[in-house]
Amino acid sequence: MSDPREALAGQLAEAVASALAEDLRHQPRALLVVSGGSTPVAFFRALAATPLEWARVDVTLADERWVEESDSDSNARLVREELLQHEAAAARFVGLKTAAGTPEEGAEEAAARLEALAWPASVVVLGMGTDGHTASIFADSPELELALATRDPLVAVRAPSQRQPRITLSADRLHRARRHFLHITGDAKRDVLARALPGDDARELPIRAFLACPLAIYWAP
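Residues numbered from 1 in each chain as written. Predicted model: local features only at pLDDT ≥ 70, side-chain atom pairs only at ≥ 80, totals over all residues. Heavy atoms only, no water.

Per an unreviewed UniProt entry, the protein carries the name 6-phosphogluconolactonase and comes from Vreelandella subglaciescola. The annotation that UniProt attaches to the protein under Catalytic activity (unreviewed entry) is "6-phospho-D-glucono-1,5-lactone + H2O = 6-phospho-D-gluconate + H(+)". Under the UniProt heading Pathway (unreviewed entry), the entry covering the protein gives this text: "Carbohydrate degradation; pentose phosphate pathway; D-ribulose 5-phosphate from D-glucose 6-phosphate (oxidative stage): step 2/3." (UniProt positions renumbered as here; feature names shortened; annotations may be inferred.)

**So, the sheet that holds strand β1 (residues 30–34)**
Judged by pairing direction, the sheet is parallel, and its six strands sit side by side in the order β4-β2-β1-β5-β8-β9 without closing on themselves. For this open sheet the edge positions go to β4 (92–94) and β9 (216–220), each flanked by a neighbour on one side alone. The average undirected angle you get between the axes of adjacent strands in this sheet is 20°. Together, β1, β2 (57–61) and β4 form the strand contacts of helix α3 (residues 75–83), whose direction differs from that of β2 by roughly 140°. (Pairing = 2+ DSSP bridges. Helix = DSSP H or I, 4+ residues; strand = E, 2+ residues; numbered from the N terminus. Axes fitted to C-alpha atoms, helices over the stretch in contact; angles between N-to-C directions. Contact = heavy atoms within 4.5 Å.)

**Here's the deal with the sheet that holds strand β3 (residues 63–65)**
Strand pairing within a sheet occurs via backbone hydrogen bonds; the two strands may be parallel or antiparallel. Spatially, three strands are ordered β3-β7-β6 in an open sheet, and the strand pairing comes out antiparallel. Both outer strands of the open sheet, β3 and β6 (154–157), are each paired with one neighbouring strand and no more. Sheet twist, expressed as the average angle between the axes of neighbouring strands with direction ignored, equals 15°. Note that β6 and strand β7 (residues 166–169) share four bridges and pair antiparallel.

**Focus: the nonpolar core**
Counting residues in each nonpolar core, the largest one holds 77 residues, and the members touching the most others are Val-16 and Leu-174. Among all residues touching Leu-174, those that are not within four sequence positions of it are Val-33, Ala-62, Val-124, Leu-126, Ala-135, Ile-137, Leu-169, His-180 and Phe-210. (Core = buried A, V, L, I, M, F, W, Y, C linked by side-chain atoms within 4.5 Å. Buried < 20%, exposed > 50% of the residue type's maximum accessible area, 1.4 Å probe, protein only.)

**Focus: the UniProt feature "domain: Glucosamine/galactosamine-6-phosphate isomerase" (unreviewed entry) in the protein**
The positions UniProt marks with the feature "domain: Glucosamine/galactosamine-6-phosphate isomerase" (unreviewed entry) are residues 5–211. As annotated, residues 5–211 comprises 34% helix and 16% strand, and the C-alpha atoms at either end are separated by 22 Å.

**Regarding the side chain of Arg-208**
Its place among the elements puts Arg-208 in the loop between α7 (187–196) and β9. A polar contact is formed between the side chain of Arg-208 and the backbone oxygen of Arg-195, at a distance of 3.1 Å. Of note is the side chain of Arg-208, whose polar atom sits 3.2 Å from the backbone oxygen of Asp-201. (Polar contact = N/O pair within 3.5 Å; in protein donor to acceptor, adjacent residues only side chain to side chain.)

**Focus: α7**
Among all positions in α7, only Lys-189, Val-192, Leu-193 and Ala-196 are buried. The buried residues of α7 occupy one face: seen down the axis, they fall within an arc of 100°. In the core, the buried residues of α7 are packed alongside β8 (180–185) and β9. (Arc of directions from axis to C-beta.)

Okay, here's the thing in structure tokens:
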């Protein structure tokens, strides 16, 4: 019997590749926004092996820890090692981390990189933590209200629950996509999502900021 998480990753990769291919039929480039963490690794590997006009695809991140790309916590490192391989090696990756010492100092340069991409994104793939955060929009962050309300593309984030400062696409920028997918695994995250669905206070569970828009949910035990 196949592993349900591997099967889910393959199904999500098929859906994302189909969406990108559809958009590439009528526009010169397509944009894919992905999330980091351990959950998307199998999805990245499945997508990387999928035939597509990858040279016309731009890939960026929903958020990033403000660490060097050589750091094991870097989402950019994860994308380069797991997604930008095989067929997908031809894609263009646009990272959020700059040479600036802090995300506050680097936000302007990172925002300029984002603005040069083909918005609206073809696909945004979100993850979710057991605390209900998505991207780096955390309930305990002093920047929570800003991340939820600003029209700026990026927000520098310092959350007490997190070891490193981060930078995140704002909720507004994450909403600028033709399709949204939520990729989660495990009973704990399923239970958090079940708790989030009936409510509308994104300050308690930030994932709620995306539950009112069309959202394809991919979950496996």
